[in-house]
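Listed below, chain by chain, are the residues.
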Amino acid sequence: MKKFLVLLLVLAALAPAFADDAKVLPKGVFRLSFVFASNAYDQVFDDNGDLIDNPTGEVTALALGTAIEFGVTDQITAAVQWTPAWVFSSSIEAVPDANANGLADLFLGAKIQVLGSNGLISNENLRFAFAPGLLLPLDDPDWAQEVANMMGGDEYKVQSPSIRAIGLGFRAYFDWVLSKMFFLNLYNQTIFYLPVTKIDSLSTYPTESEFAYGYKLTFEAEPHFDYSFSDKVSVSVGVPVTFTMTPDYEVDGVVVADSATSLLTASPSASVFVMAFMPFEFKAGYTLPILGQGTSAASTLVLQLKTFLKF
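Everything quoted here is computed from the prediction, not taken from an experiment. (Residues numbered from 1 in each chain as written. Predicted model: local features only at pLDDT ≥ 70, side-chain atom pairs only at ≥ 80, totals over all residues. Heavy atoms only, no water.)

Turning to the pairing of strand E22 (residues 269–274), a few remarks are in order. The pairing of strand E17 (residues 233–238) with E22 spans six bridges and is classified as antiparallel. Bridge pairing links Val 233 to Val 274 in E22. Here E22 pairs with strand E23 (residues 280–293) via six bridges, running antiparallel. The residue bridging Ser 271 from the neighbouring strand is Lys 283, located in E23. Here E22 hands over to E23 after five residues, the two strands then running antiparallel side by side. (Pairing = 2+ DSSP bridges. Helix = DSSP H or I, 4+ residues; strand = E, 2+ residues; numbered from the N terminus.)

Have a look at this one:
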């Protein structure tokens with residue numbers, strides 16, 4: 001049962017992180033983002049990295065997210081990102097009444113362009129940005145009520161889409177600009193989680209325990225191509241390759257064996273930017289699992305709309 005519940009934690013990563021590139025917004029510009037993500041898997045990577053059928057059958061989830069960013073100066077962008085904000089529908093084939101719905105974590109941070117054409121250090125061919133940030137958990141399940149729902153034959157939650165621990169860390173962005181139409185983006189997100197005392201779920205640890213998750217690392221490389229049809233319409237294509245990993249976590253000071261995870265994915269995407277009365281960008285992407293350990297082999301469809309406002 002422990003492994004089953006750990007696998008459900010991948011629902012917290014339905015939509016890719018706002019990896020983005022090393023650019024920042026111009027001063028006074030707001031960017032509003034809206035995200036829809038559809039996630040499904042019926043196979044998992046076991047502790048040896050082998051692909052096997054999921055013991056609980058197919059798991060699916062739908063999520064909505066949003067973000068607001070603001071160009072404080074031409075070098076600094078403040079951001080509040082909630083992606084995916086809300087897992088509003090999920091299902092587990094082997095347990096029809098169970099779900100993993102709920103609220104995901106809120107990211108608060110500021111992105112500073114250190115190197116670039118408008119950076120603190122001017123450079124036309126290289127861009128580097130750094131974003132310290134804070135992850136705030138928002139989900140707080142009432143497990144007593146969920147048990148009552150289960151006993152009463154109603155739908156019930158078996159796991160939160162959030163590990164419900166405060167995270168401290170940073171994001172780093174690096175672009176190597178090879179031409180006007182092509183650049184290579186490298187991205188890293190490093191999050192350290194503070195220990196948290198909680199009830200984990202319905203059945204894994206029914207009493208309050210202290211959980212220490214350690215950290216989560218994300219590394220990404222993306223070749224990125226831009227082409228402008230005119231001053232008002234441009235398209236972009238990218239193929240991010242992403243690696244994420246977490247260590248074995250601890251419960252009340254005891255390491256939970258085989259709880260570490262790792263996952264390598266590829267996420268081809270395409271977007272179109274239109275300079276209209278209200279400029280907007282629409283992006284569609286699909287994430288495919290390549291290699292992993294102790295996690296799901298999930299595929300994710302992501303649709304994203306960004307709108308821009310200047311004040």
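So, next bit.
Overall, antiparallel pairing links the four strands, which are arranged E14-E15-E19-E20 in an open sheet. Two strands lie at the open edges of the sheet, namely strand E14 (196–198) and strand E20 (254–255), each paired on one side alone. Strand direction decides the pairing type here: strand E19 (residues 250–251) and E20, joined by two bridges, are antiparallel. The residue bridging Glu 250 from the neighbouring strand is Val 255, located in E20.

Further remarks concern the confidence of the model for the chain. For the chain, the mean per-residue pLDDT works out to 88, and 92% of the residues sit at or above 70. Within the model, pLDDT remains below 50 along residues 1–15, and this stretch shows 54 contacts once partners closer than five positions in the same chain are excluded. (pLDDT = per-residue confidence, 0-100. Contact = heavy atoms within 4.5 Å.)

The next subject is the nonpolar core. Phe 107, Leu 135, Ile 163, Ala 165, Ile 191, Tyr 193, Val 196, Phe 211, Tyr 213, Tyr 249, Val 251 and Val 256 together form the largest nonpolar core, which totals 12 residues. Of all hydrophobic cores here, the second largest spans 10 residues; its members include Val 44, Val 59, Ile 92 and Leu 202. (Core = buried A, V, L, I, M, F, W, Y, C linked by side-chain atoms within 4.5 Å. Buried < 20%, exposed > 50% of the residue type's maximum accessible area, 1.4 Å probe, protein only.)

This next bit is on unusual backbone geometry. With a phi close to 60°, Arg 164 is a non-glycine residue in the positive phi region. Note on placement: Arg 164 falls in the loop between strand E11 (156–157) and strand E12 (167–177). Of note, Asp 258 is a non-glycine position whose phi angle comes to about 60°, a positive value. With respect to the helices and strands, the residue Asp 258 is situated in the loop between E20 and strand E21 (261–266). A relative accessible area of 46% means that Asp 258 is categorised as partly exposed.

A surface patch of like charges, here negative, comprises Asp 42, Asp 53, Glu 58 and Glu 93. Position of Asp 42 among the secondary structure elements: in the loop between strand E1 (29–41) and strand E2 (43–45). (Patch = residues over 30% accessible without salt bridge, like charges linked within 9 Å, V, L, I, M, F, W, Y side chains within 5 Å. Areas by Shrake-Rupley, 256 points an atom, 1.4 Å probe, with all protein chains shown as cover. Salt bridge = Lys/Arg side-chain N within 4 Å of Asp/Glu carboxyl O. Lys, Arg positive; Asp, Glu negative; His and termini not counted. Charge placed at Lys NZ, Arg CZ, Asp CG, Glu CD.)

We now examine helix H2 (residues 143–151). Within the span of H2, buried status applies to Trp 143, Glu 146 and Asn 149. Along the axis of H2, the buried residues cluster in a sector spanning 110°; they form a single face. Exposed residues on H2 whose side chains face more than 90 degrees from its buried face are Ala 144 and Met 151. Looking at the buried side of H2, the elements it contacts are E11. (Arc of directions from axis to C-beta.)

Time to look at the sheet that holds strand E3 (residues 51–53). Note: strands within a sheet are paired through backbone hydrogen bonds, in either parallel or antiparallel orientation. The strand order E3-E2-E24 describes an open sheet built from three strands, whose pairing is antiparallel. Each edge of the sheet is formed by a strand with only one pairing partner; in this case those strands are E3 and strand E24 (295–296). Sheet topology places E2 next to E3; three bridges connect them, and they run antiparallel. Bridge pairing in E3 places Phe 45 opposite Leu 51.

Now for the pattern of salt bridges. Taken as a whole and assessed by the stated rule, the structure comprises four salt bridges. Among the salt bridges present, the one from Asp 139 reaches Lys 157, with a minimum N-O distance of 3.0 Å. With Asp 139 in the loop between strand E10 (126–136) and H2 and Lys 157 in strand E11, this residue pair connects regions lying 18 residues apart in the sequence. A single burial state applies to Asp 139 and to Lys 157, both of which are buried.

So, about the packing of aromatic side chains. Overall, the coordinates contain nine aromatic pairs when judged by the stated rule. The interplanar angle of 35° and the centroid separation of 4.4 Å between the aromatic rings of Phe 30 and Phe 70 together place this pair among those described as tilted. With a gap of 40 residues between them, Phe 30 in strand E1 and Phe 70 in strand E4 (residues 59–71) connect regions that are remote in the sequence. Residue classification places Phe 30 among the partly exposed residues on the basis of a relative accessible area of 25%. Overall, the relative accessible area of 28% leaves Phe 70 in the partly exposed class. Arranged with centres 5.4 Å apart and planes meeting at 50°, the rings of Trp 86 and Phe 88 form a pair that is tilted. Residue class for Trp 86 comes out partly exposed when judged on its relative accessible area of 44%. An aromatic cluster is defined as three or more aromatic residues linked by ring pairs; in this entry it consists of Phe 211, Tyr 213 and Tyr 249. Over the aromatic face of Phe 107 sits the side chain of Arg 171, whose NZ or CZ is 3.7 Å from the ring centroid. Its end group placed over the ring of Phe 211, Lys 198 keeps NZ or CZ at 5.0 Å from the ring centre. (Phe/Tyr/Trp six-rings, centres within 6.5 Å; stacked < 30°, edge-to-face > 60°. Lys NZ or Arg CZ within 6 Å of the ring centre and 35° of its normal.)

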